[in-house]
Every structure is written in structure tokens, then in C-alpha cells.
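# Secondary and tertiary structure notes
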Amino acid sequence: MTIEELKRLQNMNIMELDREQLANAEDIIIDSGKCVDSRIKSYMEQMGNPFAQNVGEYVLQIGFQPETNELIDDRMVLLTKRKIQIIL
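First, a word on scope: everything that follows refers to the structure included in this document. This one's a predicted model, so the numbers in the text were calculated from it and none came from an experiment. (Residues numbered from 1 in each chain as written. Predicted model: local features only at pLDDT ≥ 70, side-chain atom pairs only at ≥ 80, totals over all residues. Heavy atoms only, no water.)

## Structural notes on the nonpolar core
What tends to happen in soluble globular proteins is that the nonpolar side chains get buried as a cluster. How we decide: Residues belong to one nonpolar core when they are buried, are Ala, Val, Leu, Ile, Met, Phe, Trp, Tyr or Cys, and are joined through side-chain atoms within 4.5 Å. Here's how the labels work: a residue is buried when its accessible area is under 20% of the maximum for its type, exposed when over 50%, partly exposed in between, all with a 1.4 Å probe on protein chains only. Runs of E in the DSSP output that reach at least two residues are strands. Runs of H or I that reach at least four are helices, and both are numbered from the N terminus. The contact criterion used is simple: two residues touch if any of their non-hydrogen atoms lie within 4.5 Å.
Counting seven residues, the largest nonpolar core is built from Ala23, Ile28, Tyr43, Met47, Ile62, Met76 and Leu79. Of all elements in the fold, only helix H2 (36–47) and helix H3 (72–87) reach the threshold of two or more residues within this core. Discounting residues that sit within four places of it in the chain, Tyr43 has contacts with Ile28, Pro50, Gln53, Ile62, Met76 and Leu79. Counting six residues, the second largest nonpolar core, distinct from the first, contains Leu9, Leu17, Leu22 and Phe51.

## Topic: the side chain of Asn54
What counts is decided by this rule: The term polar contact refers here to a pair of N or O atoms within 3.5 Å; inside protein, the definition further demands a hydrogen-donor-capable atom paired with an acceptor-capable atom, and it admits residues adjacent in sequence only when both atoms are side-chain atoms.
Of note, Asn54 is situated in strand E1 (residues 52–55). For Asn54, the side chain forms a polar contact with the side chain of Asn24, separated by 3.3 Å. In contact with Asn54, not counting residues within four places along its chain, are Arg19, Leu22, Ala23, Asn24, Ala25 and Val59.

Laid out in C-alpha cells, this is it:
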């Protein structure tokens with residue numbers, strides 16, 4: 001995926017997203033035993049659009065702040081906690 005494609009996906013209007021093209025949050029599997037690069041690659045492959053996903057009956061659009069101190073690990077933990085809350 002190119003930088004231009006990522007920017008286009010990041011800037012898409014949530015009303016223009018096609019639910020059937022989005023990954024389902026409950027289907028995303030993150031192997032915490034792998035290195036960060038492998039986890040990112042796996043996440044990107046599973047997501048297709050890394051900025052939007054189906055969460056139950058909702059479409060969740062995700063954004064990242066370019067000037068943050070959070071690591072991808074922090075976001076992965078947050079995603080996992082949200083996933084658990086949805087299942088419960």
C-alpha cells in the first residue's frame with residue numbers, strides 16, 4: 001500500500017465507506033509474540049483499510065495523531081480492550 005493510498009483511506013468520509021469492504025473487529029487477530037513489524041504487517045493485511053472497521057452494527061473510523069508519544073503497542077492494547085468489551 002502506498003503512502004498516497006493510506007492518505008486517501010485516512011481522509012475518507014465515514015459516509016462513503018462500504019461496510020462490506022471493511023474488516024470486522026472480532027476477526028482481527030494480533031499475535032503479541034511476534035515482532036512489531038510482523039504485527040503491523042499482519043494488521044494491515046487483515047484490515048485492508050487500517051482506518052476503518054466494522055464493530056458490531058457500527059462502522060468505527062480510526063485516526064492517529066502524528067505528534068503523539070503513543071506506540072503501536074499502546075494502540076494494539078486499546079484495540080484488544082475494545083474488542084473484549086464488544087464481545088462481553
